[in-house]
Amino acid sequence: MRSLLHKLLLSSLLIILLPMGLAILWSSKTLTTVLERRFAEKSRAQAEQVELLLGERKETATGLVHWIAEMPGVRDALKTNDRARLFQHLLPLVGSIQLDFIEILDSAGRIFLRVHDPTRHGDRPKLTRDIQQLLRGTGDFANYGVEEREGKAYLRAVETIDGDRTLGIVSAGYALNRDLIKKLEQVAGGKVFVAIGSRTYSADRPGQQSKPLAPISTVASNDRESLWHRNIPSPSLEIRLPLITDRGTEGSISIFYPSQEMTATINTLQRTLAFVALVGIALALAASWFMSRRLTRPLKELVSRTQQVGAGNYEGAVSTQSGDEIGALAASFNCMLEELRRSKAEVEGYRGELERKVAERSEQLNETEKKRAAMAHMIAHDLKNPLLGIKKTLERVEQTPDEFSGNQGKKILTDLLSAGDLVIGMVNEMLDLYRSDFGDIPLSRSAFRVEEIIQTSLRILGPDLEEKAIQVPIYSNPEHISVVADKRRLSRLLINLLSNAIKFSPERGRISIYAAVREQNGSGFRVELRVEDEGVGIPERDLPRIFDRFYSQDKAEAGTGLGLPYCKLVAEAHGGSISAENRKHGGFSVSVLLPMQAWETEGFHAA
Amino acid sequence: MTRLLIVFHAAALWLTLLALPIALAAAERKIVVAGAQSLAPLAEKYSTEFRKTQPSVEIEIRPANSNYALNAVRNGEIQIGLVTRNLVASETRGLNIAPIGHDAIILLSYPWNPVANLTLEQLGKIYLGKITSWKEVGGEDQGVVALTREPGSSLHKMFVQSLFGKDGGDREKAFVLRASKDKVLRTIKRVRGSLGYGIVSLEEAQAEGVTVMAVDGTPPSTSNIQSALYPLTRPQLLISKASAEGTVQRWIAGFEKFVRRHPQPENINAQPPS
């Protein structure tokens, strides 16, 4: 597994274990050293008790010999050779003072009395130099020391017994025997070896040369020493004390302290440390696992959320609240999600709008289609009327060919022609409108008079005018206005305007036609052609739309709705304009302005 | 004036009458027990117990010796005496004697002495200075250092009488060891060739390492002492005035029972024959 969790765990364990191991190693070593030092200190303190004890003994012996030497009874006894009395005198000391011997030598160096063995006397022991010197009266007062006699060692004090001359020597002290060494061991708490000269004394074999636990230096030294003996079967600490007497350092006392107890302590300590380390590792593992999980869980969540986002699911957010970098990452991820959601919503909005627009368009399209169908129907209807009129007339002519002669016949023919012109005109209008979708309509210009087209229009519309008994006054200024234009289309324009006016005019109404030349400021002359009626007019709100195709104001009267747009088309094709307004006193007025170039006025030229 | 005197005397009489029982009670409430040192610790032990049951009674133990006990009881200085020797008829007159057992004088010699038995005759010769070496009684070539106890003590008196009869005390030839029990043991231990005696238990002697001697072939075992087979036994007696009060008699009776009940190690020789 190479997951972040495992890496974190591994690294944190390394971080923990390395210093921990070092610390344990170091503390173990330090503690061992400290324990050894403490052990040595304790041992030394105990060992010093030996010195105290020996010092006490020395005091006792020295004091005692001094006291005995000063006793008058001793002098008397030596003088009178009264051994029994002296013994009786010194007997109480035996039980009350811890001494192994009290010995009194006479001036010849013979044993006068050994208090601890009163029946032996008269021997002449080999005397040490200091005693000989004392007997000769040349010794000093350094009178405490070691004496070896017959293979046994003694620690003893000596004092001369002085009368008028040196009467003898009193000597008292301790045998370096098992009792003493055991006592020392009891006080010191360790195994004691006393080395004097080439001999070593211990409690096991008192008074004999015994083999110590480790090589013991017999070189006299005044220093206390602590020596570790680690190579012998039971490792131990040796505290070596000098055996100092009045005669100097006469030997050494070695006390051995077995270190099992300390070793056991150290072992326990090391076991405890190991246990602590194990517990520490377990705790560290748990803590680092916990922490690593805490660290990696948000990351995992982020990863899974990212995958979800990748799959297109933008819902929800990452729930990490921590304040660290991962928290920041999560927060920015949440921001990103939010942004994604927002832009998705925006896109959805656009799509909705588009759909709505498409629906609107198709609605419009449908309406247009309906209008187209209606228009087709209307065109058919419009065309039908004149065509029916033509047909009826022709039938009448067929049935009564007699009537089709003379003035009557001529009138009928004229009616037929105008009806045909009307139909053709209407068809042409439609073609022009169709063409205008693809570009300008081709104008076939010719010069003609305006009144010509007015008359043509009135002639064509004559039946309708008659039907409604409408008067059509014509106002032209100047009287004759000549133009160069598409005569046919211009007359269609006029017909359209007039037919509209007729449509909205009441019975016996009046439709006025104005033709005029006007000077427009800065842009030359224009020809105005205006048609006014006395009808109801157009609602103001419809005014801007009346030139749009298929606009039809009066539904009931069902027109193609192509009339005014055609007028606009023709006017604009000639570079002019068209405008409409409601008259102040009722009625409707449409005026067409055409640029001068298109117009020629006879009157104008004539003038 | 006369009336005042009468009142005064009446008051004085009353006070005397009131004080009398208190004084009597006080006299009864203190018991002094004195005498032989070997018995004193045991008496002290019993007294601790006795005080618990009779808290009003004050008991004083005074270690001295048998002779002091005899005289003091007789003149009323003490109420109970501790005596560890045989009494002659003249001494027992007017006294109440309660025997509580025996103890014995144990003969002791220096450690590792090969001689473990002495006859009374040999013992007498040693203490007369006629035998001076242990070699003469089967031991090593070592001079005998005879140690005796301070003259005048009941122990010394009894020892001398046992060896030489009533008037043999003057002929004794030995070094006098004035010391307590512990010191006696220590001195005997440290002086080579020594021979001494004391009232000690076998355990004490053995603990110190001194040699315990049999006398006439009889070792000082508990049963030998109890049955007085061992020659150097002596009785242990409690003495009091024949006219002693109830408290004193109660103490004596209680002590007799106590000794039977508690065969203390240090008093192992003091078991009375059952």
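Please refer to the structure higher up on the page.
Calculation criteria
- Residues numbered from 1 in each chain as written.
- Chains lettered and ligands numbered in written order.
- Predicted model: local features only at pLDDT ≥ 70, side-chain atom pairs only at ≥ 80, totals over all residues.
- Contact = placed C-beta atoms within 7 Å.
- Helix = DSSP H or I, 4+ residues; strand = E, 2+ residues; numbered from the N terminus.
- Core = buried A, V, L, I, M, F, W, Y, C linked by C-beta atoms within 7 Å.
- Buried ≥ 20, exposed ≤ 12 C-beta atoms within 10 Å, placed from the backbone.
- Pairing = 2+ DSSP bridges.
- Axes fitted to C-alpha atoms, helices over the stretch in contact; angles between N-to-C directions.
- Parallel < 35°, antiparallel > 145°, perpendicular 65-115°, else oblique.
- Left-handed = near helix turned anticlockwise from the far one by under 90°.

A. Just the interface of chain B and chain A, in detail. At the junction of the two partners, chain B supplies 16 residues and chain A supplies 11 residues. Elements supplying a minimum of two residues to the side of chain B that touches chain A: strand 8 (175-176) and helix 7 (181-190) of chain B. Considering every element that reaches the side of chain B that touches chain A, the biggest residue donor is helix 7 of chain B, with 5 residues.

B. Broad picture of the nonpolar core. Within the largest apolar cluster, 97 residues are counted, with the highest numbers of intra-cluster contacts made by Val192, Val194 and Ile255 of chain A together with Ile105 of chain B. Membership of the second largest hydrophobic core comes to 39 residues, among which are Leu422, Ile513, Leu569 and Ala571 of chain A.

C. Molecular detail of the sheet that holds strand 3 (residues 80-83) of chain B. Residue and element names in this part refer to chain B. The 5 strands are arranged 2-1-3-11-4 in an open sheet whose pairing can be described as mixed. This sheet does not close on itself; its edge strands, each paired only once, are strand 2 (58-64) and strand 4 (95-104). Direction aside, neighbouring strands of the sheet carry axes that sit 15 degrees apart on average. Pairing between strand 1 (residues 30-36) and strand 3: 3 bridges, direction parallel. Residue pairing in the sheet places glycine 35 in a bridge with leucine 82 of strand 3.

D. Main features of the environment of glycine 462 of chain A. All names here are of chain A. Residue placement: glycine 462 occurs in helix 9 (residues 450-468). Of the residues examined, glycine 462 has 14 C-beta atoms within 10 Å and is grouped as partly exposed. Taking the C-alpha atoms as reference, glycine 462 lies 9.3 Å from aspartate 415; in sequence the two are 47 residues apart.

E. Representation of the packing of helix 1 (residues 4-70) of chain A against helix 5 (residues 178-188) of chain A within the structure. Residue and element names in this part refer to chain A. Running from N to C, helix 1 and helix 5 cross one another at 135 degrees; their axes reach a closest spacing of 7 Å. Considering their axes alone, helix 1 and helix 5 lie oblique with respect to each other. In this structure, the crossing between helix 1 and helix 5 has a hand that is right-handed. On helix 5, the residues touching Gln46, Ala47, Gln49, Val50 and Leu53 of helix 1 are Leu184, Val187 and Ala188.

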